[in-house]
Amino acid sequence: MSANRMTVQVVFLLIAASLCLVSCQEKKAGKVIISDSEFIVRKDSEKAYVIDARGKVKNIGDVDVKKVVITGYCRSCGELINPGNWFVSEYEKTPEQKDTISYLAVDAEEEFSFRGVAFIYNMVAEQPETIPEKMEVVIESFEAVD
């Protein structure tokens with residue numbers, strides 16, 4: 001066997017071994033959590049009230065993320081408009097009903113806020129005493145930065 005041929009085989013084996021090592025490495029992933037949230041009742045008109053949300057989102061993953069979309073849901077609200085009962089429209093969220101964080105570095109935390117999580121129309125002009133039980137803020141989507 002010639003020295004050239006042996007050198008080519010060694011180089012080929014080294015390249016194959018490096019590709020195997022690179023492909024076996026664990027890929028870094030983005031992970032975003034809601035670190036703080038609260039719901040606020042806001043008067044919309046004389047007898048109508050709306051629940052808005054605000055809080056903080058944190059990147060606890062291994063890579064920076066972008067286009068983090070946050071919204072809220074009232075899982076215990078109905079879809080029918082009944083005076084005195086909280087309701088929602090779950091068909092499609094409007095831009096006002098979500099917030100988008102454009103960029104979030106690893107370990108960074110950013111504030112968010114959005115409006116219109118739930119609605120109520122009362123027969124009297126008094127603010128509701130309680131908010132619905134099953135309220136939540138969720139991260140709808142995000143993209144990892146390469």
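Everything that follows concerns the structure shown earlier in this document.
Just so it is clear, the structure is predicted and the values come from calculations on it, not from any experiment.

Novice: Account for the overall build of the protein, with residues named and values stated.
Specialist: For the protein, the helix and strand inventory stands at one helix and six strands. Scanning the protein from its N terminus toward the C terminus, one meets helices and strands in the order α-β-β-β-β-β-β. Here the protein holds 146 residues, and 28% of them are scored as buried. Considering only intrachain contacts with a sequence separation of at least 6, the fraction spanning at least 24 residues in the protein is 75%. When the accessible area of the protein is evaluated, it comes to approximately 10,000 Å², of which 52% is carbon and sulfur surface.

Novice: Got a sec to walk through the environment of Ile70? Specific residues and values, please.
Specialist: Following the sequence through the fold, Ile70 ends up in strand 3 (residues 65-74). Here the alpha-carbon distance between Ile70 and Val138, two residues 68 residues apart in the chain, equals 5.7 Å. Once you skip the residues sitting within four places of it in the chain, Ile70 turns out to touch Ile34, Val57, Lys98, Asp99, Ile101, Phe112, Phe114, Val137, Val138 and Ile139.

Novice: Describe in detail the side chain of Lys93, supporting the description with residues and values.
Specialist: You can see Lys93 is positioned in the loop between strand 3 and strand 4 (98-104). Separated by 2.6 Å, the side chain of Lys93 and the backbone oxygen of Gly72 make a polar contact. Non-local contacts of Lys93, meaning those with residues more than four positions away in its chain, are made with Thr71, Gly72, Tyr73 and Lys98.

Novice: Summarise the sheet that holds strand 4; cite the residues concerned and give the values.
Specialist: Sheet architecture is open: three strands sit in the order 4-3-6, paired in antiparallel fashion. For this open sheet the edge positions go to strand 4 and strand 6 (135-144), each flanked by a neighbour on one side alone. Strand-to-strand twist across the sheet, computed as the mean angle between neighbouring axes with direction ignored, equals 20 degrees. Bridge analysis of strand 3 against strand 6 gives eight bridges, and the strand direction is antiparallel. Following the sheet pairing, Cys74 is matched in strand 6 by Met135.

Novice: A description of the nonpolar core should follow, citing residues and the corresponding values.
Specialist: Ranked by internal contacts, the top residues of the largest apolar core, which has 21 residues, are Val57, Val68, Ile70, Trp86, Phe112, Phe114 and Ala118. Every element with two or more residues in this core is listed here: strand 2 (48-59), strand 3, strand 4, strand 5 (109-121) and strand 6. At five residues, the largest contribution of residues to this core is made by strand 5. Not counting chain neighbours up to four residues away, the residues in contact with Phe112 comprise Ile34, Asp36, Ser37, Ala53, Arg54, Gly55, Lys56, Val57, Ile70, Asp99, Ile101 and Val137.

Novice: So what's going on with the environment of Ser89? Residues and values would help.
Specialist: Inspection of the secondary structure assignment puts Ser89 in the loop between strand 3 and strand 4. Distance from Ser89 to Phe119, taken between C-alpha atoms, is 9.0 Å for residues 30 residues apart in sequence.

The rules behind the values
Residues numbered from 1 in each chain as written. Predicted model: local features only at pLDDT ≥ 70, side-chain atom pairs only at ≥ 80, totals over all residues. Heavy atoms only, no water. Helix = DSSP H or I, 4+ residues; strand = E, 2+ residues; numbered from the N terminus. Buried < 20%, exposed > 50% of the residue type's maximum accessible area, 1.4 Å probe, protein only. Contact = heavy atoms within 4.5 Å. Areas by Shrake-Rupley, 256 points an atom, 1.4 Å probe, with all protein chains shown as cover. Polar contact = N/O pair within 3.5 Å; in protein donor to acceptor, adjacent residues only side chain to side chain. Pairing = 2+ DSSP bridges. Axes fitted to C-alpha atoms, helices over the stretch in contact; angles between N-to-C directions. Core = buried A, V, L, I, M, F, W, Y, C linked by side-chain atoms within 4.5 Å.

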